[in-house]
Amino acid sequence: MTTANQNAVERYRNNFLKEVEANVEEGDMVKMCMQCGVCAGSCPLGPHWEHSPQKIFMMIRAGKREEVLSSDSMWMCTSCYNCIVRCPRQLPITHIMHGLANYAHRLGLAPKGQPTREFGTLFWNNLVKKGRVNELTLTIGHYFKDGIAAGIKTGLAMQAVGLGMVKAKRLNPMEIFGGHAVKDLKGFHAMVAKAQEIEAKKKGFTA
Amino acid sequence: MAKKEYAFYPGCSSQLKASASNYLTSVNSMCEKLDVKLTEIPDWNCCGASVGYAEGGELPRLAINARNFALAETHLPGQDIVATCAACWLGSRETKERLDHTSQLMKETNEALAAAGLNYKGDVNIRHMVEVLIEDIGYDGIKKPVVKPLEGLKFAGYIGCQTNRPFGIAGESFENPKYLDQMVETLGGEAMTSYDQKVTCCGGALAFSEPEKSQKQIKDIIESAYDSGAQMLVTPCPLCQANTEVYQSEINKKYGTKFNMPVLYYSQLMTVAYGGSIKEAGLDGQLIRAEALEKICGK
Ligand code: SF4
Ligand code: SF4
């Protein structure tokens with residue numbers, strides 16, 4: 001168990017709702033859910049959600065901490081915002097799903113090898129490095145995430161697409177050597193570090 | 001008419017040789033004809049997109065967006081920020097809303113910004129290019145520069161998610177927004193109003209991480225466009241554009257379909273109708289070439 005997770009378990013004991021309210025983005029809105037079920041039919045990848053958002057909110061109230069935080073479901077969110085515009089109680093469902101996923105990721109409870117967890121992490125690290133996303137290293141990193149052999153296989157399958165993008169001047173092979181970046185990288189990095197530090201302190205991610 | 005001026009936030013995908021560089025090319029051509037002046041926010045950074053949450057968390061995401069605001073406030077005071085990318089627009093608007101409503105987050109964000117020598121006062125206004133077109137230019141204004149109406153061309157208006165929900169364009173419904181159809185008609189083209197996948201999700205960033213699941217979505221989006229009688233898809237969103245264009249060949253392999261439908265930006269349609277060249281409209285950047293539009297350019 002990570003220290004952050006241990007601390008959270010000790011601090012909130014049996015009150016998972018309280019933990020979510022304190023540490024999850026927009027988590028204080030969870031208690032507003034009236035279990036109407038409208039959001040449950042809203043997700044584009046719905047059949048792949050083991051627990052719908054409605055069910056997740058119910059499980060939070062029932063204190064099913066392990067089950068919620070290790071769930072694969074939140075990672076199926078495509079950020080389509082269908083749920084938000086439909087919810088009669090105006091719960092920011094999309095953000096709560098992202099918040100839960102991020103919290104589970106930080107505590108080390110999110111499913112290992114979850115593809116969106118890995119891609120999301122890769123994406124963020126890619127953008128933080130230069131302040132802007134480098135689409136080529138992002139794509140390469142993504143296809144090689146399972147090791148070289150798997151990467152070559154997926155890479156080959158996508159090669160036609162990749163070459164087409166290069167020909168259409170929409171993917172720059174030179175970006176692998178750097179590519180676009182913000183000028184004030186030092187300031188940008190200092191700012192991100194500061195924001196991470198404040199957030200970690202607030203949410204108990206630092207021991 | 002005085003030039004309209006905006007602080008421009010192009011976003012990562014619009015950069016030179018990035019996936020939506022043809023979007024930027026056509027936006028620039030379109031704005032020239034409409035007498036709109038876009039000044040890039042100096043040294044802008046990525047918005048974090050939607051999928052940045054996994055590692056990025058909340059405050060770091062707010063901070064990177066607020067950095068753009070602070071730069072715009074300092075260098076382009078009084079100008080609305082205009083984004084062309086749905087995710088940039090959404091990420092910025094969400095950040096603004098969160099900071100407006102929660103003084104604690106505003107305080108913490110400014111603490112982070114201070115590390116970069118910046119400060120955000122809370123004054124910016126964030127808009128999508130489509131809002132500028134509809135609200136500031138108006139359909140009459142959009143029509144004025146038309147010299148080559150898109151006669152006889154049939155378009156399915158694919159709006160997708162993030163230009164539509166949760167904020168959307170004022171006066172439009174979430175289920176059936178009509179502005180894109182109206183823009184097509186304004187340019188002399190024919191909008192397929194029976195197209196029923198207008199606001200379906202393309203899978204967004206999950207097209208990378210969950211390709212099979214997302215390609216099923218994309219298949220529905222393209223199939224329905226063919227069913228409606230459209231020759232081309234038109235969209236306001238760079239991720240929708242990339243996903244629906246790039247994966248057609250993969251879908252053909254998997255499902256035995258014969259998709260080969262060009263996917264354009266509204267700004268490309270406008271540039272062509274305004275008499276722009278293939279290059280000015282960014283049509284040379286299509287993976288699936290839009291021959292019918294290229295023909296109009298050559299006329
Ligand atoms: S739509 Fe809103 S109120 Fe209804 S179950 Fe979902 S979150 Fe709860
Ligand atoms: S935003 Fe996420 S949670 Fe909401 S309907 Fe879409 S996929 Fe489901």
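Residues numbered from 1 in each chain as written. Chains lettered and ligands numbered in written order. Predicted model: local features only at pLDDT ≥ 70, side-chain atom pairs only at ≥ 80, totals over all residues. Heavy atoms only, no water.

This part covers the domain arrangement of chain A. All names here are of chain A. Assigned domains of chain A: these are domain 1 (3–107) and domain 2 (115–203). If you look at the interface, domain 1 gives four residues, while domain 2 gives five residues. Roughly 590 Å² is buried in total at the junction of domain 1 and domain 2, and carbon and sulfur atoms are behind 46% of that figure. Sorting the residues of domain 1 by area buried against domain 2 places Asn23, Trp75 and His105 first, and these three jointly supply 73% of that buried surface. Connecting domain 1 to domain 2 are two residue pairs in polar contact (both at pLDDT 80 or more). Here the residues of the side of domain 1 that touches domain 2 are counted per class, giving one nonpolar, two polar and one charged. (Domains from an automatic or database assignment. Contact = heavy atoms within 4.5 Å. Buried area = accessible area lost by both parts, 1.4 Å probe. Polar contact = N/O pair within 3.5 Å; in protein donor to acceptor, adjacent residues only side chain to side chain. Nonpolar A, V, L, I, M, F, W, Y, C, P; charged D, E, K, R; others polar.)

Lining the immediate environment of ligand 1, one finds 13 residues, of which Cys33(A), Cys36(A), Gly37(A), Cys39(A) and Cys87(A) sit closest. Across the shell around ligand 1, the residue classes break down as 10 nonpolar, three polar and no charged. (Near = heavy atom within 4 Å.)

Looking now at the domain arrangement of chain B. All names here are of chain B. Domain assignment breaks chain B into domain 1 (4–128) and domain 2 (146–297). Distance between the C-alpha centres of domain 1 and domain 2: 25 Å. Every contact between the two is made by 23 residues of domain 1 and, on the other side, 23 residues of domain 2. The contact between domain 1 and domain 2 buries some 1,900 Å² in all, and 68% of this surface belongs to carbon and sulfur atoms. Counting across the domain 1 and domain 2 interface gives zero salt bridges. For the pair domain 1 and domain 2, the number of links is six residue pairs in polar contact (both at pLDDT 80 or more). Among the secondary structure elements, those contributing two or more residues to the side of domain 1 that touches domain 2 are α1 (21–33) and α4 (86–101). In terms of residue count, α1 provides more of the side of domain 1 that touches domain 2 than any other element does, eight residues in total. Considered class by class, the residues forming the side of domain 1 that touches domain 2 number 11 nonpolar, eight polar and four charged. (Salt bridge = Lys/Arg side-chain N within 4 Å of Asp/Glu carboxyl O. Helix = DSSP H or I, 4+ residues; strand = E, 2+ residues; numbered from the N terminus.)

Attention now goes to the site of ligand 2. Residue and element names in this part refer to chain A. Not every one of the 13 residues close to ligand 2 is listed here, only the nearest: Cys43, Cys77, Cys80, Tyr81 and Cys83. Looking at the shell around ligand 2, the elements that each hand over two or more residues are α5 (82–86) and α6 (93–107). For the shell around ligand 2, the residue count by class is eight nonpolar, five polar and no charged.

What follows covers the packing of aromatic side chains. Applying the stated rule across the entire model yields 10 aromatic pairs over all chains. Where Trp75(A) meets Tyr53(B), the ring centres are 6.1 Å apart and the plane angle is 35°; that geometry is what we call tilted. Of the two residues, Trp75(A) sits in the loop between α4 (65–69) and α5 while Tyr53(B) sits in helix α2 (residues 53–56), which places them in two different chains. Like Tyr53(B), Trp75(A) is buried. Ring plane angle 15° and centroid distance 4.9 Å describe the contact between Phe119(A) and Phe208(B), whose orientation is recorded as stacked. A residue pair is termed interchain when its members come from two chains, as with Phe119(A) in helix α7 (residues 115–130) and Phe208(B) in helix α8 (residues 206–209). Taking relative accessible area as the criterion, Phe208(B) reaches 22% and is therefore assigned partly exposed. Ring pairing ties together the aromatic residues Phe119(A), Phe123(A) and Phe208(B), which thus form one cluster. (Phe/Tyr/Trp six-rings, centres within 6.5 Å; stacked < 30°, edge-to-face > 60°. Buried < 20%, exposed > 50% of the residue type's maximum accessible area, 1.4 Å probe, protein only.)

Here we come to the interface of chain A and chain B. Interface size is commonly expressed as the accessible surface area that is lost when the partners come together. Taken together, the contact pairs 64 residues of chain A with 66 residues of chain B. Carbon and sulfur atoms supply 62% of the area that chain A and chain B bury against each other, a total of about 5,800 Å² over both sides. A salt bridge links Arg98(B) to Glu26(A), with the shortest nitrogen-to-oxygen separation between them at 3.3 Å. Viewed at the interface, chain B and chain A are joined by 19 residue pairs in polar contact (both at pLDDT 80 or more). Within the residue set of the side of chain A that touches chain B, elements represented by two or more residues are α5, α6, α7, α8 (135–143), α10 (159–167) and α11 (185–203) of chain A. Across the side of chain A that touches chain B, the residue classes break down as 30 nonpolar, 21 polar and 13 charged.

Bringing helix α9 (residues 211–227) of chain B into the picture now. Residue and element names in this part refer to chain B. A rise of 1.5 Å per residue sets the reference length of α9, with its 17 residues, at 24 Å; its end C-alpha atoms lie 24 Å apart and thus fit the reference within 8%. Residues of α9 that are buried: Ser214, Gln215, Gln217, Ile218, Lys219, Ile221, Ile222, Ser224 and Ala225. On the buried face of α9, the contacting elements are β5 (154–157), α8, β7 (232–235), α10 (238–246) and α11 (248–255). Once α9 finishes, glycine 229 follows within two positions and takes phi at roughly 95°, a positive value. (Expected span 1.5 Å × (residues − 1).)

Time to look at the layout of surface pockets. The computed volume of the second largest pocket comes to approximately 720 Å³. What lines the second largest pocket is a set of 27 residues, and nearest its centre among them are Glu26(A), Asp28(A), Pro92(A), Arg98(B) and Thr102(B). Considered class by class, the residues forming the lining of the second largest pocket number 10 nonpolar, seven polar and 10 charged. (1 Å grid on protein atoms, 1.4 Å probe; cavity = no way out; pocket = protein on both sides within 12 Å on 5 of 7 lines; lining within 4 Å. Points joined across faces, edges and corners; volume = space filled by probe spheres on them.)

The subject of this paragraph is helix α3 (residues 59–75) of chain B. When the terminal C-alpha atoms of α3(B) are compared, their 24 Å separation across 17 residues agrees well with the 24 Å that a helix rising 1.5 Å per residue should span. Burial within α3(B) is extensive, with 15 of its 17 residues counted as buried.

The next thing to look at is the nonpolar core. Of all hydrophobic cores here, the largest spans 90 residues; its most connected members are Phe57(A), Ile60(A), Met97(A), Leu100(A), Leu127(A), Met191(A) and Ile81(B). The next biggest cluster of nonpolar side chains, apart from the first, holds 47 residues, and it includes Val82(B), Ile134(B), Ile142(B) and Ala290(B). (Core = buried A, V, L, I, M, F, W, Y, C linked by side-chain atoms within 4.5 Å.)

Glancing now at the sheet that holds β5(B). If you trace the four strands from one edge of the open sheet to the other, you get β6-β5-β7-β8 (chain B), paired in parallel fashion. Taken across any chain shown, the strands that pair with only one partner, and hence form the sheet edges, are β6 (190–191) and β8 (263–265) of chain B. (Pairing = 2+ DSSP bridges.)

A few words on empty space enclosed by the protein. Tallying each qualifying case throughout the model produces four cavities of 30 Å³ or more. In this model, the largest cavity occupies a volume close to 210 Å³. What lines the largest cavity is a set of 18 residues, and nearest its centre among them are Ala49(B), Arg61(B), Asn65(B), Gly91(B) and Glu94(B). Those elements that place two or more of their residues in the lining of the largest cavity are α6 of chain A together with α3 and α4 of chain B.

All right, on to the state of the cysteines then. The full count for this structure, using the stated rule, is zero disulfides over all chains. Counting only cysteine sulfurs, Cys161(B) is the nearest neighbor of Cys201(B), a cysteine outside any disulfide, at a range of 3.8 Å. (Disulfide = S-S within 2.5 Å.)

Let us now look at the sheet that holds strand β1 (residues 4–9) of chain B. Remark on secondary structure: sheet strands pair via backbone hydrogen bonds, oriented parallel or antiparallel. Residues and elements named next belong to chain B. If you trace the four strands from one edge of the open sheet to the other, you get β2-β1-β3-β4, paired in parallel fashion. The outermost strands of the open sheet, each flanked by one partner alone, are β2 (36–40) and β4 (126–128). Between one strand axis and the next, the sheet turns through 40° on average, direction left out of account. The sheet contact formed by β1 and β2 spans five bridges and is parallel. Within β2, the residue paired with tyrosine 6 across the bridge is leucine 38. Across the sheet, α1 lies against β1, β2 and β4, angled at about 140° from β2, the strand it touches most. Here helix α6 (residues 129–143) sits on the sheet in contact with β1, β2, β3 (81–83) and β4, set at roughly 90° to β4. (Axes fitted to C-alpha atoms, helices over the stretch in contact; angles between N-to-C directions.)

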